[in-house]
Amino acid sequence: MTAEGLHGEATDAVYDRAGFGARVPRGPRPALIVVDLTRGFTEPGFDLGADLTAEVAATAQLVEVAHRRDVPVIATVVSFTPAEADGDAIAWLRKAPGVRALREGSDAVALDARLGLAPDDHVLTKKGASAFHGSSLAALLAGLHVDTAVVCGATTSGCVRATAVDAVQCGFDTLVVAEACGDRAQGPHDAALFDLQAKYADVVALDDAVSYLDDPFRKADA
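Position numbers for residues count from 1 along each chain, tracking the sequence in the order it is written. Totals for whole chains, interfaces and linings use all residues, but because this is a predicted model, local features are given only for residues with pLDDT of at least 70 and pairs of side-chain atoms are given and counted only at 80 or more. Each side-chain value is derived from all of the structure's non-hydrogen atoms; neither hydrogens nor water enter the calculation.

Q: I'd like a description of the packing of aromatic side chains, backed by residues and values.
A: Here the aromatic set is Phe, Tyr and Trp, taking the six-membered ring for Trp, and pairing holds for ring centres within 6.5 Å; pairs whose planes are under 30 degrees apart are stacked, those over 60 apart are edge-to-face, and all others are tilted. Counted according to the given criterion, the structure contains 4 aromatic pairs. Centroid distance Y15 to F20: 5.6 Å. Interplanar angle 50°. Geometry classified as tilted. Consider the rings of Y15 and F194, whose centres lie 5.0 Å apart with planes at 70°: the pair is edge-to-face. Taken together, the residues span a long stretch of sequence, with Y15 in helix α1 (residues 9–18) and F194 in helix α8 (residues 186–199) at a distance of 179 residues. Ring pairs connect the aromatic residues Y15, F20 and F194, which therefore count as one cluster. Charge over a ring is defined by NZ of Lys or CZ of Arg lying within 6 Å of the ring centre and within 35 degrees of the ring normal. Here R26 stacks its cationic end above the ring of Y212, 5.7 Å away from the centre of that ring. Looking at K199, its charged tip hangs above the ring of F20, at a distance of 5.9 Å from the centre. Secondary structure elements are defined from DSSP: runs of H or I of at least 4 residues count as helices, runs of E of at least 2 residues count as strands, and each element is numbered from the N terminus.

Listed below in structure tokens is the structure:
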């Protein structure tokens, strides 16, 4: 699954001429990175949230196969201390003050229970959009000998996109699972997937990602 055709034939021709959209290699040691599927994002009752029931269900399928095949699962949470949430030290909070609601210990920063995460899954707390920024994620992936990052979560145009871009910049071939990514509006979601597919990652269908995680050695490129 790709985002080709989203902006029309003329745009596709421009991107083809530029040499974008090459296929991403798939290595034998993937990790599943679940970006910010906390209640504050997955439930519409929260000001920052949307109904991401379908995206959570898709991610749960990825989590289940990753557990079964001993593929590392790493979940991220955006969470701020009272000093951070109430203060003026974090530039992101000045631009997006609604994010101050993601306070440590609150229901908003609790991982969605429907994901089926296990106690031994890795959970990282972050203070910015990318799961790599200011965190130990790159070192963790290196320690796990990961070669391919499989990314899903919320929001597609924000933290998912930032994480996928940084994954490539950190040297990991990257897949983004379309059905397992959600946003507050369709336009930003579609635009983010288009740009990721063109420049940074393969945007793949859920069944393709499940098949890869189920047998990464068979699916790995020679």
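This is not the end of the story, as more comes after the structure.
Q: With reference to specific residues and values, describe the packing of α1 against α8.
A: Packing of α1 against α8 brings their axes to within 11 Å, and their N-to-C directions diverge by 30°. Relative to α8, the element α1 is oriented roughly parallel. The way α1 lies across α8 gives a crossing that is right-handed. Between α1 and α8, the contacting residues are T11, D12 and Y15 on the first element and F194, A198 and K199 on the second. Any residue that is not Ala, Val, Leu, Ile, Met, Phe, Trp, Tyr, Cys, Pro, Asp, Glu, Lys or Arg is counted as polar, Gly included; the first ten are nonpolar and the last four charged. Counted by class, the contact of α1 with α8 contains 3 nonpolar, 1 polar and 2 charged residues. Whenever a helix is involved, its axis is fitted only over the stretch in contact; in every case the axis is a line through C-alpha atoms, and angles between N-to-C directions fall within 0 to 180 degrees. For this classification, under 35 degrees means roughly parallel, over 145 means roughly antiparallel, 65 to 115 means roughly perpendicular, and everything else is oblique. Each crossing gets its hand from how the near helix is turned against the far one by less than a right angle, where anticlockwise is left-handed and clockwise is right-handed. Contact definition: two residues touch when any of their heavy atoms are within 4.5 Å.

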